[in-house]
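Structural characterization, general
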Amino acid sequence: MPRLSAITPSGPATLGNYLGAIRRWAREGRPGDLYFVSDLHGMTTPYHPQRLRARSREMLALLVAAGIEPEQVFVQSDLLPQLGPLTWVLECSCSFGEAARMTQFKEKSAARELAATPVRVGLFTYPVLMAADILLQGADEVPVGDDQAQHVELARALARRFNGAYGEAFVVPEAVTPPAAARVRDLSDPSRKMDKSARDSAGVLFVMDDPDLLARKVRRAVTDGLGRLEYRPDEQPGLANLLEILAACTGQPVRAVAAGFSAYGEVKKAVTEAVIDELRPLRERMRGLLEDTTELDRIRKRGAMVATDRGAHRLATALRLAGVG
Ligand code: AQP
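Residues numbered from 1 in each chain as written. Predicted model: local features only at pLDDT ≥ 70, side-chain atom pairs only at ≥ 80, totals over all residues. Heavy atoms only, no water.

Topic: empty space enclosed by the protein
On inspection of all chains with the given rule, the structure shows three cavities of 30 Å³ or more. In this model, the largest cavity occupies a volume close to 60 Å³. As for the largest cavity, its lining consists of Pro12, Ala13, Arg55, Glu58, Met59, Phe206, Val207, Met208 and Met286. Across the lining of the largest cavity, the residue classes break down as seven nonpolar, no polar and two charged. (1 Å grid on protein atoms, 1.4 Å probe; cavity = no way out; pocket = protein on both sides within 12 Å on 5 of 7 lines; lining within 4 Å. Points joined across faces, edges and corners; volume = space filled by probe spheres on them. Nonpolar A, V, L, I, M, F, W, Y, C, P; charged D, E, K, R; others polar.)

Okay, structure coming up:
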């Protein structure tokens, strides 16, 4: 049964997105799985339309460049004609209190209120849109981190409620914890994860950064004054992050990687080389796809068609059972 995963084009893709998610999707994905660029989720906080469009294209190119089968990828907004009505049907099954309990909404809306910027209704309702993403495709497994598990729980509750009240329309999905993957941290502040929409990008390695810039960012990575070449994430988080990146790029156990060095400078040099080697072919394939507009448009259209076909009967069933359409 299919698994569904997504990446939001809220900023340029980072090494964290690649090592922690996309590379794994490409290596471990099964034939029926689907991967999408969640551009509609990127509208829940202030954004620039042209930038969103450009980043969505880049993300689509990245998924394909990483080796995911082209017919397994799509851009979320291409499914708007289906997602719109399904989201409405699900919103009419979701209580206000249920949506208001979403921890991510509480945290993000509190942060916006603190900054005196308006909280968008879309930020409140987007977990229902996420339920529509999942239920439309009949995904039964949704690999998510802790921060998204509650949203999958909501999708489960809505699917069960609809099926119970109106008749069987949806597969009840399950949140699955992805196998331990690299958790890449910000090079300037290893207490934070490497984040594509970080305010300060000095410690963020972007997939499309050129080798000189990658080298500069790694050279300036925060370490410590202890001078101990060991893997101790609690005591030496900056060094541990560099060693983890190196381990993820070279496929070696992190402790084995740590044993090979006698100075921090050597670690940084090795990380720089490994990251450049890891990203170079990816960047070249991505650039090729971004330049070949016809090919990328063709991939996008085909992905949208596959996903639309897959969801069509489920939407039709849901609308019929709900007494509309
Ligand atoms: N630093 C990271 N290390 C490992 N994995 C990461 N992921 C994100 N950052 C790291 C994984 O990338 C996938 C897609 O992420 P997302 O678009 O859903 O958003 P996110 O998790 O919120 O990622 P960002 O980069 O931090 O973006 P913004 O700035 O939008 O919040 C997910 O599988 C995620 O685990």
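Moving on from the model shown.
Looking at the pairing of strand E2 (residues 34–37)
Both faces of E2 are covered, namely the face carrying Leu34 and Phe36 and the face carrying Tyr35 and Val37. In this view, the connection linking strand E1 (residues 4–7) to its parallel neighbour E2 by way of helix H1 (residues 15–28) has right-handed handedness. Sheet topology places E2 next to strand E3 (residues 73–75); three bridges connect them, and they run parallel. What sits directly across from phenylalanine 36, in E3, is phenylalanine 74. (Buried < 20%, exposed > 50% of the residue type's maximum accessible area, 1.4 Å probe, protein only. Helix = DSSP H or I, 4+ residues; strand = E, 2+ residues; numbered from the N terminus. Right-handed = clockwise from strand over helix to strand, strands pointing away. Pairing = 2+ DSSP bridges.)

Considering helix H2 (residues 49–65)
The terminal C-alpha atoms of H2, which comprises 17 residues, lie 24 Å apart, in line with the 24 Å expected from a rise of 1.5 Å per residue. Along H2, the residues that are buried comprise Leu52, Ser56, Met59, Leu60, Ala61, Leu62, Leu63, Val64 and Ala65. Elements in contact with the buried residues of H2: E1, H1, E2, E3, helix H11 (264–291) and helix H12 (293–322). Of the residues one or two after H2, glycine 67 is the one with positive phi, at around 110°. (Expected span 1.5 Å × (residues − 1). Contact = heavy atoms within 4.5 Å.)

Quick word on the pairing of E1
Relative to E2, E1 is paired through four bridges, and the arrangement is parallel. Each bridged residue has a counterpart across the sheet, and for alanine 6 the counterpart in E2 is phenylalanine 36.

None of the figures reported here should be taken as evidence of function without further support.
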